Amino acid sequence: MKIVMLGAPGAGKGTQARMISEEFGIPQISTGDIFRANIRNQTELGKKAKSYMDQGLLVPDELTLDLVVDRLAKDDCAKGYILDGFPRTIPQAEALTRALCEQNSKIDYAIDVEVPDENIVQRMSGRRACPVCGATYHIHFNPPVQEGICDECGAQLIQREDDKAETVQKRLDVYHAQTQPLIAYYKEQGCMYSVDGTRTMEDVFNDIHKILK
Ligand code: ADP
Ligand code: ADP
Ligand code: ZN
C-alpha cells in the first residue's frame, strides 16, 4: 500500500501519517523530518536545505528527489509506505510516478487533508515537535501529558523556527502555488481522495481508515 499525504502545512498530514503507520505497519517517510535531521547533524544537505526552510520556501527538487528515491529503495519500504510532505511540486510527482513505474508500481492513494487557511495559523502557532522521535503535539488540541515533554521519549519539545507567524503565511502561499496543483494531478491518475481535516484527529483518522479498506 503506497500512500501520499497531501494538504497545507499544518493540516495534520504528519499526525495522520503516524497513525496510519502504526495501524498498517508501514513506514512514514517525512521529507521535512529528513531535512531537519540533516540540519541537526550539520550535513552538507542540511546546510543547503536550511536557508530555504527558514524562509518558508521549498527546498529545490535537485536536493529532494534523489533523497526520496534512495529512501524508497530501503527494505522496510517493500510492503508500502506513507509519504508525508512529498511530493510537493509537479516535477516531484512526475519523478515519483516514473520511479515507481520502473518497478511496475504506482501510488495507490493520495489523501488530501482539507483545512482552510483560517484554521492553519492556529494549528501551526500551537504546534510543538519532538526533535528526537518526531512526535507532534498541539498546546490546545493534543497536549502532551507533561507540558513541554514528549510522551513517547521524554525529550524536551520545541517550537519549529518556521512555525512562527512571519513564515506561516509564506508557506501557505507556496502551498497554493506549488503543491495544491497535485490534487488535479492525482485526480487524473484516479487515486485522489479527500477528508475534512477540520474535525478531531480521531474522526479524520476514521475517514482515512474507511478509504484505505
Ligand atoms: P509541514 O509540517 O508544514 O507540512 P514539513 O515538515 O513537511 O512541513 O516541511 C518543512 C519544510 O521542509 C518545508 O517548508 C520545505 O522548506 C521543506 N520540505 C519538506 N518537504 C519538501 C519537499 N518535498 N520539497 C521541497 N521542500 C520540502
Ligand atoms: P502537517 O504535517 O500537515 O504540517 P501536523 O500533523 O504536524 O501537520 O499538525 C499540525 C498541528 O495541528 C500539530 O500541532 C497537531 O498536533 C495539530 N493537529 C493535527 N491534527 C489536528 C486535528 N484534527 N485537530 C486539531 N489539531 C490538529
Ligand atoms: Zn519524542
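Residues numbered from 1 in each chain as written. Chains lettered and ligands numbered in written order. Predicted model: local features only at pLDDT ≥ 70, side-chain atom pairs only at ≥ 80, totals over all residues. Heavy atoms only, no water.

Draft legend 1. Quick peek at the pairing of strand S3 (residues 81–84). Burial of S3 is two-sided: the residues Tyr81 and Leu83 facing one way and the residues Ile82 and Asp84 facing the other way are all buried. Sheet topology note: the strand S1 (residues 2–6)/S3 ladder contains 4 bridges and is parallel. Bridge assignment links Ile3 to a residue of S3, and that residue is Ile82. Pairing of strand S2 (residues 28–30) with S3, which is carried by 3 bridges, proceeds in the parallel orientation. By the bridge assignment for S3, Gln28 is matched with Ile82. (Buried < 20%, exposed > 50% of the residue type's maximum accessible area, 1.4 Å probe, protein only. Helix = DSSP H or I, 4+ residues; strand = E, 2+ residues; numbered from the N terminus. Pairing = 2+ DSSP bridges.)

Draft legend 2. Molecular detail of the site of ligand 2. Close to ligand 2 lie 18 residues; Gly10, Gly14, Thr15, Arg127 and Tyr137 are nearest. Within the side chain of Arg123, an N or O atom sits 3.4 Å from a nitrogen atom of ligand 2. Here an oxygen atom of ligand 2 and a side-chain polar atom of Arg127 are 2.6 Å apart. Within the complex, 93% of the 560 Å² of free accessible area of ligand 2 lies under protein. Among the elements of the structure, helix H1 (13–24) and strand S6 (136–138) are those that each provide at least two residues to the shell around ligand 2. Here the shell around ligand 2 is composed, by residue class, of 6 nonpolar, 8 polar and 4 charged. (Near = heavy atom within 4 Å. Polar contact = N/O pair within 3.5 Å; in protein donor to acceptor, adjacent residues only side chain to side chain. Areas by Shrake-Rupley, 256 points an atom, 1.4 Å probe, with all protein chains shown as cover. Nonpolar A, V, L, I, M, F, W, Y, C, P; charged D, E, K, R; others polar.)

Draft legend 3. Up close: the pattern of salt bridges. Overall, the coordinates contain 12 salt bridges when judged by the stated rule. A salt bridge links Arg127 to Asp163, with the nearest nitrogen and oxygen atoms 2.8 Å apart. With Arg127 in strand S5 (residues 127–129) and Asp163 in the loop between S6 and helix H7 (165–179), the pair connects residues that are 36 residues apart, well separated along the chain. Judged by its relative accessible area of 1%, Asp163 is buried. One salt bridge in this structure joins Asp207 and Arg199, with 2.7 Å as the shortest N-O distance. Connected through shared salt-bridge partners, Arg127, Arg160, Asp162, Asp163 and Arg171 make up one network. (Salt bridge = Lys/Arg side-chain N within 4 Å of Asp/Glu carboxyl O.)

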